[in-house]
Amino acid sequence: MLELDNVSKSFGGLKVIDSVSFRVRRGSRTALIGPNGAGKTTVFNLISGVYPLDQGTIRMEGGDITALPARLRVRRGIARTFQNVRLMPHLSTVENVMLGEHWRASPFSLTRSRRAVQAAEAALAAAGLGTYSGQVVSTMPYGIQKRIEVVRALAAQPRLLMLDEPAAGLNTAETAELRALLERASAQGITLLVVEHDMNFVRQLCDHVVVLNFGRKIFEGTPVEVHADPGVREAYLGVQAA
Ligand SMILES: Nc1ncnc2c1ncn2[C@@H]1O[C@H](COP(=O)(O)OP(=O)(O)OP(=O)(O)O)[C@@H](O)[C@H]1O
Ligand SMILES: [Mg+2]
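Once that is clear, we can look at the sheet that holds strand S3 (residues 29-33). One open sheet accounts for six strands, arranged S6-S7-S8-S3-S9-S10; its pairing is mixed. Of all the strands in the sheet, the pair left with one neighbour each is strand S6 (78-80) and strand S10 (216-221). Put simply, the sheet's adjacent strands are angled 20° from each other on average, direction ignored. By the bridge criterion, five bridges tie strand S7 (residues 160-164) to strand S8 (residues 191-195) in an arrangement that is parallel. Of the residues in S8, the one forming a bridge with Leu161 is Leu192. Contacts from helix H9 (residues 230-237) reach S3, strand S9 (208-213) and S10, with the element oriented near 130° to S10.

In this section: the pattern of salt bridges. The full count for this structure, using the stated rule, is twelve salt bridges. Measuring nitrogen to oxygen at the nearest pair gives 3.9 Å for the salt bridge that ties Asp54 to Lys9. Here Asp54, found in the loop between helix H1 (40-48) and strand S4 (55-60), pairs with Lys9, found in strand S1 (residues 2-11); they are 45 residues apart in sequence, far enough to count as distant. Given the relative accessible area of 7%, Lys9 is considered buried. The partner of Asp18 in a salt bridge is Arg216, with the nearest N and O atoms 2.9 Å apart. One end of the pair, Asp18, is in strand S2 (residues 14-24); the other, Arg216, is in strand S10, with 198 residues separating them in the sequence. Here Asp18 falls in the buried class, since its relative accessible area comes to 18%. Salt bridges sharing common partners tie together Glu3, Asp5, Arg23 and Arg59.

Criteria and thresholds
Residues numbered from 1 in each chain as written. Chains lettered and ligands numbered in written order. Predicted model: local features only at pLDDT ≥ 70, side-chain atom pairs only at ≥ 80, totals over all residues. Heavy atoms only, no water. Pairing = 2+ DSSP bridges. Helix = DSSP H or I, 4+ residues; strand = E, 2+ residues; numbered from the N terminus. Axes fitted to C-alpha atoms, helices over the stretch in contact; angles between N-to-C directions. Contact = heavy atoms within 4.5 Å. Salt bridge = Lys/Arg side-chain N within 4 Å of Asp/Glu carboxyl O. Buried < 20%, exposed > 50% of the residue type's maximum accessible area, 1.4 Å probe, protein only.

Right, here's the structure in full:
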């Protein structure tokens, strides 16, 4: 579904992504993990088109998207959420979800058809968020806002859904609901690429894990293989594994 080939990115002379290559298999639930500052969010920003690459190629379903503007990558089937929730705070929950659909279908004409409202309300209800539909987003607890952002991304009808630390700041019940939401999306055929520090969440949700450290890919494999790898343990603990 997605291929990164020797992707590099520097900020102010500091190379934060260094010749990273990996593939996200269609239908997979792939995790991208690594210590703080490893470059995970930067990889998301490169895939979604927030920043241009310095080097390398990104392909989506075989097509080169390396130079494509972000808004056109949405139309290629890529949607994402942000590490720090980026909803429109002054709009209602349902209006935020409708924005996801608009970006895919008609980014330059914001209409408010009855059909669009109903579709967004149905998506919220399916995610267990129906009661928040008419409420202004800025008044909502953080855990709710994070899940609204996932529903907004799904409203863009992506084939690849990228989530940057979706479980961060959620309590146990909210995390379980999030996982159920993502498992339903996966069952519908949506490929998942997930940045997450909560390794229980990764083990329960994901079937493949790519590990970054200091901007380089240091390992990839199944969650069990990653857990057992001494190099990965060392990267996380900052000490030589026994
Ligand atoms: N726009 C930017 N300008 C300058 N430096 C940046 C920019 N974005 C990221 N960086 C730097 O790139 C490195 C990787 O940051 P990034 O946010 O990708 O890490 P991360 O793996 O997502 O970390 P975390 O787990 O803390 O979210 C860091 O050193 C960060 O300071
Ligand atoms: Mg990050």
